[in-house]
Amino acid sequence: MTDIFREVEEDVRRERFEKLWKQYGDYIIAGVAAIVIGAAGYKLWTRYEDQQRFGAAKTFMVAQQAADAGQSAQASAMFAKLAKSGPGGYSTVAKLAQANTLLMSGKNADAVALYKTIAEKDSSGLGNVARMRAAWAQVETASRSELETLLAPLTLQTSGWRFLAREVLAYSDYHAGSIQQAGREYRALASDTGASQSLRARANAMATFIKTGGEHDFGTVPRPPAQPTPLQQPEGQPTP
């Protein structure tokens, strides 16, 4: 008797399953297919991204080698291309490297413009590096107010870059002839325990230099007298 009830129950379950499958079978198959295709697509996309990053890294290395070899134009063009099509963070890094190459090749205005573009669009450490390099690149040509505007995000009390930014402004004052102001700024930096040891040492050296008369122009050092070569004899001596 129990076996009969079990067979009936199995028939009912089978009938229900067949009914459900007829109604929703296509959707189930489509869902499984979507999962399989999605997993395969994700794997292919991950592989593609890896290949792109590998290619970008290789291009960056070649461009950097060209820059180190003095081939500025070639390096700048390669960095510019990578900046437009590079994946992930390579684009910003390539722009920064391009600006460095422009600066080394004497194209200061172009370099500063690119540094500023990076700084405006990137709020991470790379953007801060670009902002600092833009400031140093024009520290002898821009006014203090221009430098203050550029460095404003870095001079906040919460910024870890504030000491480096203050150093730029101190040098700007020194170069502009505000010697006493520069001396005070350098002394303040030298005694600020929040600054790095190397920066404090630089600031102390500049403060000492200013204190001991570094603002005065002592003229130029005369060239040493020319020494006679083996083929030249001092006057009055016979030729052997």
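Residues numbered from 1 in each chain as written. Predicted model: local features only at pLDDT ≥ 70, side-chain atom pairs only at ≥ 80, totals over all residues. Heavy atoms only, no water.

## Describing the confidence of the model for the chain
Low-pLDDT portions of the prediction should not be read for the details of their coordinates. The condition that has to hold: pLDDT is defined as a per-residue confidence score from the predictor, taking values between 0 and 100. Secondary structure follows DSSP: runs of H or I at least 4 residues long count as helices, runs of E at least 2 residues long count as strands, and numbering of each begins at the N terminus.
With 58% of its residues at a pLDDT of 70 or more, the chain shows a mean pLDDT of 75. The weakest mean pLDDT in the chain belongs to helix H1 (residues 2-68) at 55; the strongest belongs to helix H6 (residues 144-151) at 96.

## Points about the environment of Thr101
Among the structural elements, Thr101 can be located in helix H3 (residues 90-104). Placed 25 residues apart in sequence, Thr101 and Ser76 show a C-alpha to C-alpha distance of 6.1 Å.

## Quick look at the pattern of salt bridges
Definition in use: By definition, a salt bridge exists where a carboxyl oxygen of Asp or Glu is found within 4 Å of a side-chain nitrogen of Lys or Arg. Throughout, exposure labels follow a simple rule: accessible area from a 1.4 Å probe, protein chains only, divided by the maximum for the residue type, with under 20% read as buried, over 50% as exposed, and the rest as partly exposed.
Tallied over the entire structure, the rule returns five salt bridges. Between Asp173 and Arg144 there is a salt bridge whose closest N-O contact spans 2.6 Å. Taken together, the positions of Asp173 in helix H7 (residues 162-176) and Arg144 in helix H6 put the pair 29 residues apart, joining distant regions of the chain. Looking at Asp173, the relative accessible area reads 6%, which means it is buried. For Arg144, a relative accessible area of 27% corresponds to the partly exposed category.

## Quick word on the nonpolar core
For clarity, the cut-off: Joining through side-chain atoms within 4.5 Å is the link that ties buried Ala, Val, Leu, Ile, Met, Phe, Trp, Tyr and Cys residues into a set, and such a set is a nonpolar core. Residues count as neighbours in contact if any of their non-hydrogen atoms are within 4.5 Å of one another.
Membership of the largest hydrophobic core comes to 20 residues, with the highest contact counts inside it found for Tyr115, Ala135, Leu147, Leu151 and Val168. Not counting chain neighbours up to four residues away, the residues in contact with Val168 comprise Met132, Ala135, Trp136, Val139 and Leu151. Core analysis: the second largest hydrophobic core is formed by 13 residues, Ala170, Tyr174, Leu189 and Ala207 among them.

## What to know about H6
Applicable threshold: Working definition: the arc comes from the directions between the helix axis and the C-beta atoms, pointing outward to the latter.
If you check which residues of H6 are buried, you get Leu147, Leu150 and Leu151. Summarising the axial view, the buried residues of H6 lie within an arc of 85 degrees, below the 170-degree limit, and thus occupy one face.

## Here's the deal with the packing of aromatic side chains
Basically, it comes down to this: Side-chain rings of Phe, Tyr and Trp (the six-membered ring for Trp) are treated as a pair once their centres are within 6.5 Å; stacked means planes under 30 degrees apart, edge-to-face means over 60, and tilted covers the remaining angles.
Enumeration over the complete set of coordinates arrives at three aromatic pairs. Each ring, one from Trp136 and one from Tyr171, has its centre 6.0 Å from the other, and the planes form 50 degrees; the classification is tilted. Of this pair, Trp136 sits in helix H5 (residues 125-137) while Tyr171 sits in helix H7, placing them 35 residues apart in sequence. Measuring from centroid to centroid gives 6.1 Å for Tyr171 and Tyr174, while their planes differ by 40 degrees, and the two rings are tilted.

## Concerning the environment of Ala109
In this structure, Ala109 sits in helix H4 (residues 108-121). Here the alpha-carbon distance between Ala109 and Ala99, two residues 10 residues apart in the chain, equals 10.0 Å.

## A look at the side chain of Arg162
Convention followed: Charged-residue counts in this description rest on Lys and Arg as positive and Asp and Glu as negative, His and the chain ends being excluded. Contacts described as polar in this section are N or O atom pairs within 3.5 Å, which, within protein, must combine one atom able to donate a hydrogen with one able to accept it, while residues neighboring in sequence count only if both atoms come from side chains.
With respect to the helices and strands, the residue Arg162 is situated in helix H7. Of the side chains bearing the opposite charge, Asp192 lies closest to the buried Arg162, which forms no salt bridge; the N-O distance is 6.1 Å. Polar side-chain contacts of Arg162 include one of 3.1 Å to the backbone oxygen of Gln157. For Arg162, the side chain forms a polar contact with the main-chain oxygen of Ser159, separated by 2.7 Å. Beyond its immediate sequence surroundings of up to four residues, Arg162 is in contact with Leu154, Thr155, Leu156 and Gln157.

## Quick notes on the packing of H5 against H7
Test applied: Note on definitions: angles span 0 to 180 degrees between N-to-C directions of axes, and those axes are lines fitted to C-alpha atoms, for helices only across the stretch in contact. Roughly parallel here means an angle under 35 degrees, roughly antiparallel means over 145, roughly perpendicular means 65 to 115, and every remaining angle is called oblique. Residues are grouped as follows: nonpolar covers Ala, Val, Leu, Ile, Met, Phe, Trp, Tyr, Cys and Pro; charged covers Asp, Glu, Lys and Arg; every other residue, Gly included, is treated as polar.
Two numbers describe how H5 lies on H7: the axes approach to 10 Å, and their chain directions differ by 10 degrees. Taken together, H5 and H7 sit at an angle that is classed as roughly parallel. Contact with H5, carried on its side by Met132, Ala135 and Trp136, involves Leu164, Ala165, Glu167, Val168 and Tyr171 of H7 and no other residues of that element. Among the residues forming the contact of H5 with H7, the class breakdown is seven nonpolar, no polar and one charged.

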